[in-house]
Amino acid sequence: MARLVKTQTEMEGRYQDVWVLIDEEDDVETWDVDADLALVGRPAARQDGAARAAGRVRYTVDVRLAGMLHAAVLRSPVAHGIVRGLDLDAARSLPGVRAVLGPESELSFTARTPAFAAEPRYAGQPIAAVAADTPDQARAALAALALEIEPLAHVVDPQHALVEQRFVSDPVEEARGDVDAALAAAEVRVELEIETPAHLQTPLEPHAAVASWDGDELTAWVSTQGMFSARDELAKSFGVRKDQVRVLTAFVGGGFGGKQGAGFEALVAAELARVSGRPVRLVNDRHAEQLDGGRRAATRQTIRLGARRDGTITAIDADAVIAMGQGGWVFPVTIPARTLYRCDDVRTMTFPVKTNLRPQNAFRAPGVMEGVTAFEQAVDELASALGIDPLELRRRNHADVDQASGLPYSSKQLLWCYDRAAELAGWERREDLRGPQPDGLLRGMGCATQIWWGGGGPPSHATVRLDGDGHAQVVTGIQDIGTGTLTSARIVAAEELGLPLDRVRVSGGDTRPNVYGPVAGGSQTTPSVLPAVRSAAAKVRKTLLQLAGDVLEIAPDDLHVRDGRIRSRDGALDVDVIEVTGKLGDATIDGSGSRGPNPDGFRVHTFGCQIAQVAVDAAVGEVRVERVVAVHDVGRIVNPLGASSQVEGGVLQGMAFALTEELVLDPTTGAPVNAHLDDYKLPTIADVPEITIDFAPVPDANLPNVGAKGLGEPPIVPTAAAIANAFAHATGRRCAALPLTRARVLEALS
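None of the values given here were measured: they were computed from a predicted structure.

Caption draft 1: Seen up close, the environment of Ala538. With respect to the helices, strands and loops of the structure, Ala538 is situated in helix H14 (residues 525–552). Leaving out residues up to four positions away in the same chain, Ala538 has contacts with Val28 and Glu496.

See below:
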């Protein structure tokens, strides 16, 4: 029976009460830790892996339509200025130019902020857009606009913005207990100030959209992490119904939080298409992507810790200045200080300062990664001051309940993660690394703790259709951004249906079936969608066995299905599923499933520990990561192969944050000076260290039917802190800012 229930959902630590539709028949029992599963928990190749490797899949940037126009965007060259001259008519008069839009153009859509700025407030902000028959004609039209802009004063230094009290929202203080008294009474105190860099998502596929109108109906191919939110945004902006907008997002070449909703690209492509009457393609070039595609905000964090000599942390006082740019969500940078360890007296302050950069947006583990990067270095400083092993100090301050809410965790295997990571890394031989090395390098080993949410929740839906040939088609609301979630859904569906993997196909990336799935962000997809898939498959399985009872003249309860065969429990009967489905003719067995709420009275989090080993060449200031051990507690692992890939990607992104990636600004102009791939330093295959991965072998029994949590964010959270702690262990010094460039390392060692 369908019911509407009120529940609480969580997204990246933000909780809200919502009404959700549930079906009481979706209440499938969670697989326990000893469940005899044929497919779940075993490595499986991606269902689209061969097609991806062969270049046969079509991303948004690959879409080509008959009569399609090419768009180009004029962007501000200065961090703050006012447009004094812009010749739209000159651009319109050029051959092949079909549409031109500027700050004064009358647009048919509404947006939260103006699409085109007459007074741009960051370098790269759009001022105008054109659409033409060819890319060359579009670029010529941009030149014909003859932009004249008067530079105005700008602020890109967060400290400057703080002194002037330029905030995007009021500073926030959160506290429990009496931290001043606790610090005064502490037997040992440490203080550490750390800066973390602005960090660009840099997806392989830049922001892109292709839009085509047919009357009042819009079809949009969008490189987005949220096709349903893109559909809703386009419908609302253009004043049409949701069912008049179809968003296609079959393949996405990465997002990392930077591709939310429709975005500027889809809105402007749709407007240019409406004005010109032809399909329009708008794709960022690499420079535009690095300028305006998204970023993680730079921070400056100061942490003061107090403790007893036995290692008990008694006081935590932390503040964070976040360089927000022109706005955006204020990330939970201080949440690690408030929740990672048991402590009664805690105070945090957050200062979201306004600077002349694009608004910050989500970036894999937003806020928490930056917060852990600084806070876990302070914890290592405390361990050093106390003369206690850093891992042991973390064990002694383990928190059994969520320190912010006081609620118990739905599951927590962090202590197991510490022990397993130490075993895999050879932590007991850590001090041997500091002895003389044959190659003359300095070596060290450091650790850090991971915390993130990742429990998922409703709404999320799926349908399963089993045909006469014994093959199942699963429809989901997944937009697979490269993480392999479609394959995980295939594994869960095949497991529940009792079919081999090659008899199950899972699709997503299309809003037309109106089978809703969440944004691919916040480690939401696996814990949200897979329970809905299993529920839908369970209904189909139940019907299949009922029909098998009719055909085979045996009670359905005496049958089970596995490996594509229906067998009686006494072993006397064993037939292929097709013996039953073949009698369906052109009919199908259909089932739908929805994701139920998480249980009340718990907080759902993921945990983990990473240990890094580094080698430092003190002569030239080079830091090389030799090995990372990553052990995470994310509930049930559905596909170990896909999960390992997720961890490897997160570790590499965290390593780059620690060592090389940093958006550098020219303080004179306020413009980025390295918004290109030749000088924005992404890691290459030559930089990849040995990565050893393991997972806590315990599903979360309190989560609906699968027991899996999300894994998108967790692996990036502790990597930079572990590397920075390994550097400090190797050298006895600590850099006050990341990344650990040669200049900063040499300065720290001097």
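Caption draft 2: Geometry of the nonpolar core. In this structure, Leu305, Phe375, Leu382 and Ile611 are the most contacted members of the largest nonpolar core, which totals 84 residues. A total of 10 residues in this core trace back to one element, the largest contributor, which is helix H10 (residues 368–386). Looking at which domains feed residues into this core, each of domain 3 (160–200 + 295–383) and domain 4 (407–455 + 601–749) gives three or more. Ignoring sequence-local partners within four residues, the contact set of Leu382 consists of Val188, Val190, Leu305, Ala307, Ile313 and Leu393.

Caption draft 3: Inspection of the state of the cysteines at higher detail. Under the criterion given, the structure shown has 0 disulfides. Of the cysteine sulfurs around Cys735, a residue in no disulfide, the closest is that of Cys447, at 18 Å.

Caption draft 4: Focus on the sheet that holds strand E13 (residues 245–248). A sheet is described by the order of its strands in space; here 7 strands give the open sequence E5-E6-E3-E14-E11-E12-E13, paired in mixed fashion. Where the open sheet ends on each side, the last strands, each with one partner, are strand E5 (97–101) and E13. Between one strand axis and the next, the sheet turns through 20 degrees on average, direction left out of account. Sheet topology note: the strand E3 (residues 69–75)/strand E14 (residues 280–283) ladder contains 2 bridges and is parallel.

Caption draft 5: Looking closely at the sheet that holds strand E22 (residues 504–507). Overall, mixed pairing links the 4 strands, which are arranged E22-E21-E20-E26 in an open sheet. Each edge of the sheet is formed by a strand with only one pairing partner; in this case those strands are E22 and strand E26 (589–594). If you compare each strand with its neighbour and ignore which way they point, the axes differ by 15 degrees on average. The pairing of strand E20 (residues 461–466) with E26 spans 6 bridges and is antiparallel. Looking at the pairing, Leu466 lines up with Ile589 of E26. Of the strands in this sheet, E20, strand E21 (472–476) and E22 are in contact with helix H13 (residues 485–497), which crosses E22 at around 140 degrees. The strands that H14 touches are E20, E21 and E26; relative to E26, the one it contacts most, it runs at about 150 degrees.

Caption draft 6: Region of interest: the pattern of salt bridges. Applying the stated rule across the entire model yields 51 salt bridges. Between Arg304 and Glu191 there is a salt bridge, with the nearest N and O atoms lying 3.7 Å from each other. Here Arg304 is found in strand E16 (residues 299–307), whereas its partner Glu191 is found in strand E9 (residues 188–196), with 113 residues between them in sequence. Its relative accessible area of 56% is what places Glu191 among the exposed residues. Across the salt bridge formed by Arg395 and Asp419, the nearest N and O atoms sit 3.1 Å from each other. Pair noted here: Arg395 is in helix H11 (residues 390–396) and Asp419 is in helix H12 (residues 414–425), with a separation of 24 residues, a long-range link. Since its relative accessible area comes to 26%, Arg395 is described here as partly exposed. With relative accessibility at 44%, the residue Asp419 sits in the partly exposed group. Salt bridges sharing partners connect three or more residues here, namely Asp180, Glu191, Arg304, Asp317, Asp319 and Arg347.

What counts as what
Residues numbered from 1 in each chain as written. Predicted model: local features only at pLDDT ≥ 70, side-chain atom pairs only at ≥ 80, totals over all residues. Heavy atoms only, no water. Helix = DSSP H or I, 4+ residues; strand = E, 2+ residues; numbered from the N terminus. Contact = heavy atoms within 4.5 Å. Core = buried A, V, L, I, M, F, W, Y, C linked by side-chain atoms within 4.5 Å. Buried < 20%, exposed > 50% of the residue type's maximum accessible area, 1.4 Å probe, protein only. Domains from an automatic or database assignment. Disulfide = S-S within 2.5 Å. Pairing = 2+ DSSP bridges. Axes fitted to C-alpha atoms, helices over the stretch in contact; angles between N-to-C directions. Salt bridge = Lys/Arg side-chain N within 4 Å of Asp/Glu carboxyl O.

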